[in-house]
Amino acid sequence: MISCFRYINQCFALALTGVILLGLSSFAFAQPFKSGELDLRKADFSHNNNHIDLSGEWGFYWNKLLPPGQATNTRPDYYIPQTTIWNNLKQLGEPFKAFGYATYTLKIYIDHKKNPQISFFIPAAYSSYKIWINCQELSENGVVGTSKETYSPYWLPVKKMYMVQSDTLHLVMQVANFDHYRGGFSQPIILGSNQFMEDLWITELSIVLILTGILLMVSLIFFGLYFLGQRDPVVIYFALYCLVYIYRLIGVDKIYYINQAIPGIDFRITFFLEYFTIFFCIYLFARFLKALYPRKNVVIDVVEFICIVYIISLVVSPVYFITYISQGFFFIILFFVSYNLYKALQAFIHKKKGSVFAMLSMSSLGLAVALNILGYFGYIQPSSYYLFFGYFGFIFFQALILSYRFVYSFRKAREEAEQGAKAKSEFLANMSHEIRTPLNGVIGFTDLLMKTKLDNTQQQYMSTVFQSANTLLDIINDILDFSKIEAGKLEIVAVKTDIHELLTQVTDIITFQASQKSLEVLLNIPANAPRYIWVDVVRLKQILVNLLSNAVKFTETGEIELKLEVLGDVKHNLNTFRFTVKDTGIGIAPQNQERIFHAFSQEDSSTTRKFGGTGLGLTISNKLLALMYSGLKVESELNRGTTFYFDLKLKSEAGGPDVWENLDLFKRVLIADDNKTNRTLLKSMLDLREISYEEAVNGQEVLEMLERGKKFDLLIIDYHMPFLDGLDTVRILRHEPKYHARKLPVMLIYSSNNHEYINSESEKLHIRKRLVKPVIMQRVFEAMSNIARKSIEEVQKSDTPNPLQYTDSRTLTILVVEDNKVNMLFARTIFKSVFPYGRILEAENGKLAVEIFKAENPDIIFMDMQMPEMNGLEATQVIREMETPEKRVPIIALTAGTVKGEKEKCLDAGMDDYITKPFVKDTVVRVIQKYLGGE
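So, here's what we can say about the structure.

Cut-offs and rules
Residues numbered from 1 in each chain as written. Predicted model: local features only at pLDDT ≥ 70, side-chain atom pairs only at ≥ 80, totals over all residues. Heavy atoms only, no water. Salt bridge = Lys/Arg side-chain N within 4 Å of Asp/Glu carboxyl O. Buried < 20%, exposed > 50% of the residue type's maximum accessible area, 1.4 Å probe, protein only. Helix = DSSP H or I, 4+ residues; strand = E, 2+ residues; numbered from the N terminus. Pairing = 2+ DSSP bridges. Arc of directions from axis to C-beta. Polar contact = N/O pair within 3.5 Å; in protein donor to acceptor, adjacent residues only side chain to side chain. Axes fitted to C-alpha atoms, helices over the stretch in contact; angles between N-to-C directions. Left-handed = near helix turned anticlockwise from the far one by under 90°. Contact = heavy atoms within 4.5 Å. Nonpolar A, V, L, I, M, F, W, Y, C, P; charged D, E, K, R; others polar. Phe/Tyr/Trp six-rings, centres within 6.5 Å; stacked < 30°, edge-to-face > 60°. Disulfide = S-S within 2.5 Å. Core = buried A, V, L, I, M, F, W, Y, C linked by side-chain atoms within 4.5 Å. Parallel < 35°, antiparallel > 145°, perpendicular 65-115°, else oblique.

### Some points on the pattern of salt bridges
- Across all of its chains, the model carries 30 salt bridges by this definition.
- Residues D39 and R41 are paired through a salt bridge, measuring 2.9 Å at the closest nitrogen-oxygen approach.
- By relative accessible area, D39 is classed as partly exposed at 39%.
- The closest approach of N and O atoms between K683 and E695, which form a salt bridge, is 2.8 Å. You can see K683 sitting in helix α15 (residues 676-688) and its partner E695 sitting in strand β20 (residues 692-696), a full 12 residues away along the chain.
- The exposure class of K683 is buried, given its relative accessible area of 17%.
- Using a relative accessible area of 34% as the deciding quantity, one classes E695 as partly exposed.
- Three or more residues are tied together by salt bridges with common partners; here these are R287, K290, K296, D301 and E304.

The structure is reproduced here in structure tokens:
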């Protein structure tokens, strides 16, 4: 607290020093003179800074407009200071409405040889004047007259230069006022060197324009913030305040810059704007404070009401009444600023945020207002520097307060957004867990049921259920991926990958789906492509599978091609790879080619659309590519097909050369395929090894070529062809002697899902090798090498391999902890089929699992994660604390959670492994063999 007061004292000391310095600079140098005579014969105005205020006693003639010649020869009624306004002259007795006219005289003695030229600064008078020197007119404002009808008021400060031709200067000044309640001059006429007047004028103008520029810039910035979304009333009131106050700078103050730039503006307009802006500015400032500090404040409400009253009075009342009552308004301003300074000081003492800036702002404003009001009532003649430092300090610190408010609101909005994103992520993770839990039962039991003896109809129904459940799982994964990307939680991890293996796995995934629609799937990898790349395998595979799956979905006939291109010099270790997926499907209309990248959108968005799906695939793919600094491009034509492609700049490595033995045994190869693109791919492969070839587009052409006696070392033939398919063609070749092809090596290429028929027929026809489309160079050359060595490998695995059949006759004890009854039944079924003689213990929560562990000491534990009373992590930690180091029981997590860090949490808690729901029997069997070994 002591340090706080010490800091306040330092602030006050600094402010007081500023007031003293500014106050000293606020008094112009004056030389007092009396009885209407001023002796300047010793003065030298050749020095730039020499000047005096003519605020001493002038000869005064009330209600007399004397011509210059007569005024110099007539004795004055009395002598008064030039800056004494008429309502303060007791002789006149007009304190409320000083209407009338008068003549002023002053005799100046000067050395005209020493001062051949001088300059005058003449402020605006209440309300018109005319000045002569030695009967020569010097300056005038408005029209001086003896009645309201004959005079015309005008306010405009003037700078005039005068050539001195004699040692005596007779100044005569006529002044008339029938509007303002004051009358006369409130500011002194200044006499000085030309250079001083120029410097004074430039200084005043510079300060006005600098502050005008600052206020205009600040107001535009805050207007922009308001209209571009920051709809805070504080912003608009402060912006309006700055904008309105600009007129106080350029339209009033010391030089009336607008009147200088646009001469002849009507006095009524000048007067209205001058007083309206001051009333309206205080009103806006009150509204600003009211919005900034929304608590009920009677003082601010009262000031706001007074401002409205004054504005209404300005519209309906005469000039003299407004100018009279405005004296009270100046004290209201002073009180209001002092009150706000007091409130800012209180806030500072209580260490409220932003209070330092509020206190400094109000101190600056208070200094400016106080000096301005003291100058208005004639107590001081303030320098314009107070305007710059006072108002600039006020605007600067208020801008800091609003900036602090914006930063705080933005920080709060960001924190709320982060909390919302976190809540959304947690919600989706929980929903994913809750949906995956029942899906585990659906997929798991369906998988088990499909492995039992079912008739064809039952098998078809169960296959549909199994595929539907997996489709639902894919949708859940899409939505979870989308939420992760939106929340910025998804990271790209690049690892070394065999590009041939990666693209082969991708095409294998959609081969079955394509074969259902009799679509050709082509994989085009250039021979000179690097073998290894560094990429996020999971995400690249996800993107390509999305694109290929869409291609299959929207293609009814024709082919689908996945093509890899290396852009640039392949010898470099950093290459740009272009991945292209091309189909011959329905195409995309030009107007929809941008919309398909939006979430939940498809090319056909009608309620009767033919194709299903969430519409998230392309959106997720594009967002994943954005994380890899790339993006999807599309080229399409309605009913002609679509091409999607993207470029990735990846680190690469050529890898060691592939070695295939005995390929030189193949001199001539016959390629039979009705698909031109597939034939082109096969021919380009053979060209690399300089193997000659011929081609046929169907089985009939093959027979004709062989019948003509052409010899080949190998027949590469497609299964699906018109007229004669591949198996029928080989069957004829094997049984008809005229073709001399009984022992011709054959490589069959197919994309059918009817593997059993193809496999059995191939065995009967001695077909050496069978390859599932799409074929790649490595597979073709490997098959040719095997054929050349006359070794037949095992039948290639089908898309749906037979499950692992495994039983264990050991009497092991297995503890399954699961709160979901369906999942518990599924797990018990699996374990009973694997361990027919084992004991299966069940616990529906972690607390019960701990008790069973103490009593039964099981050989392995399968632990669910989310359970009532005690979750899986807590139960695992308790079990690890209870068991002895000699015997560590394997604990396997069963969880539907797939968010990043889930596996790490399981392992950190003491679990040994992690199985994601939904799971199938094979997964459980592998884990059992890993931790309990085989029998």
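### Some details on the pairing of strand β13 (residues 520-524)
- The buried count for β13 comes to five of five residues, which makes it a mostly enclosed element.
- Going residue by residue along β13, you find E520, L522 and N524 tucked away on one face and V521 and L523 tucked away on the opposite face as well.
- Bridge analysis of β13 against strand β15 (residues 559-567) gives five bridges, and the strand direction is parallel. Considered in β15, the bridge of N524 is made with K563.

### Description of helix α17 (residues 726-735)
- Those residues of α17 that sit buried are G726, L727, T729, V730, L733 and R734. Relative to the axis of α17, the buried residues are bounded by an arc of 160° and lie together on one face.
- One side-chain oxygen of the residue at the start of α17 lies 3.1 Å from the amide nitrogen of L727, identifying that residue as D725.

### Some thoughts on the packing of α15 against helix α19 (residues 777-788)
- One way to put it is that α15 packs onto α19 with a least axis distance of 10 Å and a crossing angle of 65°. Here α15 runs over α19; the crossing is right-handed. Residue-level contacts link L682, M685, L686 and L688 of α15 to M777, V780, F781 and M784 of α19.
- For the contact of α15 with α19, the per-class residue count stands at eight nonpolar, no polar and no charged.

### Here's the deal with the packing of aromatic side chains
- A complete count under the given rule lists 32 aromatic pairs for this structure.
- Centre to centre, the rings of F60 and Y104 are 5.2 Å apart; their planes meet at 70°, and the pair counts as edge-to-face. Of the two residues, F60 is situated in strand β3 (residues 57-62) and Y104 in strand β5 (residues 100-110); the sequence distance between them amounts to 44 residues.
- By relative accessible area, which is 0% here, Y104 ends up buried.
- With a centroid separation of 5.6 Å and 55° between ring planes, the pair formed by Y129 and F185 is classed as tilted. Here F185 lies in the loop between β10 (168-177) and β11 (190-192) and Y129 lies in strand β7 (residues 128-133), a separation of 56 residues in the sequence.

### Quick word on the side chain of S652
- With respect to the element layout, S652 can be found in strand β18 (residues 641-653).
- Here S652 falls in the buried class, since its relative accessible area comes to 4%.
- One polar contact links S652 to N575, side chain to side chain, over a distance of 2.8 Å.
- For S652, the contacting residues outside a window of four places in its chain are P530, Y532, I533, W534, H572, N573, L574, N575 and F577.

### Focus on the sheet that holds strand β24 (residues 813-817)
- Taken together, five strands build an open sheet; the order of strands is β25-β24-β26-β27-β28 and the sheet is parallel. Two strands close off the open sheet at either side, each with one partner strand: β25 (839-843) and β28 (913-916). Strand after strand, the sheet turns through a mean of 20° between neighbouring axes, direction not considered.
- Bridge count between strand β27 (residues 891-895) and β28: four bridges; the pairing is parallel. Opposite L894, over in β28, you have I915 as the bridge partner.
- Relative to strand β26 (residues 860-864), helix α22 (residues 872-882) is tilted by about 150°, and along the sheet it contacts β26 and β27.

### What about unusual backbone geometry?
- Note that the residue after Y126, namely S127, is joined by a cis bond; omega there is 10°.
- Topologically, S127 is positioned in the loop between β6 (117-122) and β7.
- Not every positive phi belongs to a glycine, and N63 is a case in point at roughly 55°.
- Locating N63 in the fold gives a position in the loop between β3 and α2 (68-71).

### Some words on the state of the cysteines
- One pass over the full model with this rule turns up zero disulfides.
- No disulfide involves C281; its nearest neighbouring cysteine sulfur is the one of C242, lying 9.1 Å away.
- Exposure remark for C281: the relative accessible area of 2% places this residue in the buried category.

### As for the sheet that holds β20
- Across the sheet, five strands lie side by side as β20-β19-β21-β22-β23; this open sheet has parallel pairing. Looking at which strands have only one partner, the edges of the open sheet turn out to be β20 and β23 (769-772). Strand-to-strand twist of the sheet, defined as the mean angle between neighbouring strand axes without regard to direction, takes the value 20°.
- Here four bridges tie strand β22 (residues 746-750) to β23, and the two strands are oriented parallel to one another. Directly across from L748, in β23, lies its bridge partner R770.
- Sheet strands touched by helix α16 (residues 699-707): β19 (668-672), β20 and β21 (714-718). Its angle to β20, the strand with the most contacts, is close to 130°.
- Sitting on the sheet, α17 is in contact with β21 and β22, with an inclination near 145° to β21.

### Things to note about the nonpolar core
- Y241, F279, F285, F288 and I395 are the most contacted members of the largest nonpolar core, which totals 74 residues.
- Mapped onto this core, the elements with two or more residues apiece are α3 (194-227), α4 (233-250), α6 (267-292), α7 (298-316), α8 (319-349), α9 (355-376) and α10 (385-450).
- If one sorts the elements of this core by residue count, α6 sits on top with 15 residues.
- Those residues in contact with F285 that sit more than four places away from it in its chain are Y241, F336, N340, M362, L365 and F394.
- Formed by 42 residues, the second largest nonpolar core is a distinct cluster that contains V506, I510, L544 and V634.

### Section: the packing of α4 against α6
- Axis separation between α4 and α6 bottoms out at 9 Å; the angle between their running directions is 160°. As far as their axial angle goes, α6 and α4 are roughly antiparallel. Along this stretch, α4 crosses α6, giving a crossing that reads as left-handed.
- Looking at the contact of α4 with α6 residue by residue, the classes come out as 18 nonpolar, two polar and three charged.

### Description of α16
- All buried positions along α16 are accounted for by G699, V702, L703, M705 and L706. Along α16, the residues classed as buried sweep out an arc of 165° about the axis, all on the same side.
- Here the buried face of α16 lies against β19, β20, β21 and α17.
- Its side-chain oxygen 3.1 Å from the backbone nitrogen of Q700, N698 forms the N-cap of α16.
- The positive-phi residue at the C-terminal boundary of α16 is G709, with phi of around 95°.

By themselves, these are just geometric observations and shouldn't be taken as functional.
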